[in-house]
Structures are given as C-alpha cells and as structure tokens.
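Architecture and fold: a report
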Amino acid sequence: MNILIVYAHPEPQSMNGAMYQTAIAHLEAAGHHVKTSDLYSMQFDPVSSRNNFSTVYDPAFFKPQLEEMHATEVGGFADKINMEQEKVEWCDLMIWQFPLWWFSIPAILKGWVDRVFAMGRFYKNGHLYETGLFGSKKALLSLTTGGPPENYLRDGLNGDLEGILRPVHRGIFEFTGFSVLQPHVIYGPARQSPQELSAVLKNWEHRLEHIFEEQPITIGAY
Ligand SMILES: Cc1cc2nc3c(=O)[nH]c(=O)nc-3n(C[C@H](O)[C@H](O)[C@H](O)COP(=O)(O)OP(=O)(O)OC[C@H]3O[C@@H](n4cnc5c(N)ncnc54)[C@H](O)[C@@H]3O)c2cc1C
C-alpha cells in the first residue's frame, strides 16, 4: 500500500523523531511504499498567501478559495504545493507524527494543511464528508503529549483528548472524505524510562503491522 507520513518535530533525536523513523523502517520492510513530508527539514513555509499559486484569478482582491478553484482548473499551484498535494492524492494511508502543542498540531503542520488542502482539488460542493474526494483513504494521528493520560480524560485536568483532536479528525480528515483510524498517543514520553520508551516503539511497530486490518472510528457531527 502507499503511505504518506507527515512529520512535524524540530528535533530528529526526539521521541517523535524515533516514532517517525520507526514507522518508515517498519512499513518499508513490510513491503509498503512510503513517502514523507518532514516539514522542519524541508523548511516548509507555513504561511498561506499568493505564493501558493503560479496563477492569478483576481489580482485586485485575494480570496484564497477562489484562487484555489482556479488553480485546480488550470494547474496553477506553485510547484512545492503541487508536490505535497500529489503525495496526499497518491497515498492510501496518511499518518501525521507530531507533539501536541497548545491542544493542537504544531503551526508548521497547520500551515501545511492551510496551503495544501485546497478547494476544488481536495474538497468542493457536493464532495464533503461521506461524499468526500478522499473516500478511499485512511488517516491516522500519531502524537505525543507532555501531560499524563489521566489529564486527558473527560473529567481530567485538560478534558478529553477526543475533543482536542476533533477539529483535525472531523474538520480536516472526515471533511475531505478520509476514514479516521484510532489515534496513537504516547502520553508524557519525557516522564518514561528508556526501557518503557523502547517498549513504546515496539508497540508502534506491532500496530503498524496490522494497520490495514483496522476498522475506522466515526467522529461524525454532534
Ligand atoms: C509550544 C509547546 C506547546 C505544548 N503544548 C502542550 C499541550 O497543549 N499539552 C501537552 O500535554 N503538552 C504540551 N507540550 C509538551 C509537548 O507535547 C511534549 O513535550 C512532547 O509531546 C514530547 O514529545 P517529544 O518528541 O518532544 O519528546 P522528547 O522530550 O524529545 O522525548 C522524550 C524522551 O524520549 C527519549 N527518546 C528519544 N528517542 C528515543 C528512542 N529511540 N528510544 C528510547 N527513548 C528515546 C528522549 O531521549 C527523551 O528522554 C507543549 C510543548 C511545547 C513546546
């Protein structure tokens, strides 16, 4: 199968870096085709602007979604954006590997979505949610937190993690048609021993072995 891993951590020696490298090595050894977007190494510019495009629809007023629809029709995305879009279109499974920052994805990853998930190309009227353009694809969030698991329960200090991840699961993945797999969460790696973290990496390998047998979870509307 074709797998895209989008990785957003500034330090290769981090636990996120280890999860990322483990996934690449294990999925390739299992015979899958893997492409990556290592956003910090790429120095991906997360600022969405007219730089997303090689074409201009309206030079007088910049309305991003109109420019996106026009660029979709005429092949007018900037090369760097088009390359990322082609990776998403190519994959059967997309994995995002990132640390939870401010109850969210790191800004570099949010900016990647802002620029790459373009109207016309990735979603359009009549092609949202169940009729989304990516209905044959799956998506999986693999993330680390600073806080322990009990902080991420419904009655915990921070509230439930499901609610925190909902804007991505529902607003990005299901919106464009992806089926959502259960997120893979490593709580507080900085509090764990090297032995515990080795076991965490083994568990990740084990999950990836059977990833295409997993049933998606449904986020849905409230
Ligand atoms: C801007 C910002 C906002 C934040 N917001 C939140 C928030 O909202 N909620 C929250 O809970 N947390 C938050 N945090 C904390 C953050 O989520 C955690 O620091 C992060 O998830 C930890 O992951 P890491 O990869 O950076 O871990 P690291 O600290 O890099 O790694 C932890 C340990 O793993 C070890 N390790 C690395 N590779 C291996 C390996 N191969 N084998 C064994 N051990 C290894 C490292 O040596 C280290 O000891 C925030 C942090 C920042 C900077």
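The following refers to the structure shown. For clarity, every value in this text was computed on a predicted model and none was experimentally measured.

**Thoughts on the overall build of the chain**
- If you tally the helices and strands in the chain, you get six helices and six strands.
- N-terminal to C-terminal, the α/β element order of the chain is β-α-β-α-α-β-α-β-α-β-β-α.
- Residues classed as buried in the chain amount to 50% of the 222 residues present.
- When contacts within the chain are restricted to residue pairs at least 6 apart in sequence, those whose partners lie at least 24 apart make up 76%.
- Accessible surface for the chain amounts to roughly 11,300 Å². Of this, 54% is attributable to carbon and sulfur atoms.

**Some words on the environment of Met1**
- Summarising the element assignment, Met1 is placed in the segment before β1 (2-7).
- A residue is classified by how much of its surface remains accessible, and Met1, at 48% relative accessible area, is partly exposed.
- Spatially, the C-alpha atoms of Met1 and Gly31 are 8.0 Å apart, while their sequence positions differ by 30 residues.
- The contacts of Met1, once residues within four sequence positions are left out, are His32, His33, Asp92 and Phe212.

**So, the site of the ligand**
- Residues in close proximity to the ligand total 20 residues, the closest being His9, Leu100, Trp102, Thr144 and Tyr152.
- Within the backbone of Met15, an N or O atom sits 3.2 Å from an oxygen atom of the ligand.
- Contact distances for the ligand include 2.8 Å between an oxygen atom and a side-chain N or O atom of Asn16.
- With the chains in place, 63% of the 1,000 Å² that the ligand exposes on its own is no longer accessible.

What counts, and at which threshold
- Residues numbered from 1 in each chain as written.
- Predicted model: local features only at pLDDT ≥ 70, side-chain atom pairs only at ≥ 80, totals over all residues.
- Heavy atoms only, no water.
- Helix = DSSP H or I, 4+ residues; strand = E, 2+ residues; numbered from the N terminus.
- Buried < 20%, exposed > 50% of the residue type's maximum accessible area, 1.4 Å probe, protein only.
- Contact = heavy atoms within 4.5 Å.
- Areas by Shrake-Rupley, 256 points an atom, 1.4 Å probe, with all protein chains shown as cover.
- Near = heavy atom within 4 Å.
- Polar contact = N/O pair within 3.5 Å; in protein donor to acceptor, adjacent residues only side chain to side chain.

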